[in-house]
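A look at the structure
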Amino acid sequence: MIQLITPPSYGEFSSTLVEMYRMRHRVFKVRLAWDVQTSGDMEMDEFDALHPIYLTQVSENGRVQGSVRLLPSLGPTMLRDTFSALLEGHPAPSTPLVWESSRFAVDVATDAPKGDHGITRAAYELFAGMVEFGLSRQLTDIVTVTDVRMERILRRAGWPLRRIGNPSTIGNTLAVAGYLEISRDTLASLRRAGGLSAPALWTPVIFTAA
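A brief structural summary. None of these values were measured; they are calculated from a predicted model. (Residues numbered from 1 in each chain as written. Predicted model: local features only at pLDDT ≥ 70, side-chain atom pairs only at ≥ 80, totals over all residues. Heavy atoms only, no water.)

1. A few points about the pairing of strand S6 (residues 98–106)
Cut-off, in case you're wondering: Only protein chains enter the calculation, and the probe is 1.4 Å; a residue is then buried if its accessible area is under 20% of its type maximum, exposed if over 50%, and partly exposed in between. Secondary structure elements are defined from DSSP: runs of H or I of at least 4 residues count as helices, runs of E of at least 2 residues count as strands, and each element is numbered from the N terminus. Two strands are counted as paired when DSSP detects at least two bridges linking them. Orient the strands so they point away from the viewer, and a crossover whose first-strand-to-second-strand path over the helix runs clockwise is right-handed.
Extensive coverage of S6 is indicated by the burial of eight of its nine residues. Where strand S5 (residues 64–72) lies against S6, six bridges are found, and the strand directions are antiparallel. Bridging across to S6, Arg69 finds its partner in Ser102. Judged from the four bridges that link them, S6 and strand S7 (residues 141–147) form a sheet pairing that is parallel. Paired with Glu100 across the strands is Val143, a residue of S7. Running through helix H3 (residues 121–136), the crossover from S6 to the neighbouring parallel element S7 is right-handed.

Written as structure tokens, this is what we have:
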């Protein structure tokens, strides 16, 4: 199940958000050893203070297994304000048609259900939820900064990254920036590959006319 958490619902989902920050700490600080800001056993940064929208993937027993953070490109973004070197001189997107995703993380057991190409069902649900969110906002793309390992996973899942520039080493990560297409065809492909028979978002999304 994917939960769509907006700023007005932060209070309702306060315990989920705490578990999300802890999950991010396990993934980014402990497992990947990224140079990220932490508070105790939680990972959070200045972009979490900008009232983003979060998608959280929650197991049947209520455990937060994955999440992604979404911010409009019209405001501050990680690509523009932290990783601008990855733009290689190209302008950072600044349009209501593009949002930025960041802090994509999945933390599931090794025997967790998988879809095509060995990618976890939880990851496919988050991918589909991102596209469903994008369609609900009439977005054309989601822009993101990721590492080349995640870029390969996105390609295998059928949601290839359109690179803005070449990969560059940042800390202990080979990072790359690019665009992910938002379209009904993309959503249909991700649902098939992930074996998803229903919309991913727990909160209903009203789609605009094609």
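2. Some details on the side chain of Arg103
The following threshold applies: The definition of a polar contact used here is a pair of N or O atoms within 3.5 Å, where within protein one atom must be able to donate a hydrogen and the other to accept one, and adjacent residues in sequence count solely through side-chain atom pairs. Residues count as neighbours in contact if any of their non-hydrogen atoms are within 4.5 Å of one another.
Along the chain, the position of Arg103 falls in strand S6. Within polar-contact distance, the side chain of Arg103 engages the side chain of Asp45 at 3.3 Å. Among residues more than four places away in sequence, those in contact with Arg103 are Arg24, Phe28, Val36, Glu43, Asp45, Ser67, Val68, Arg69 and Met78.

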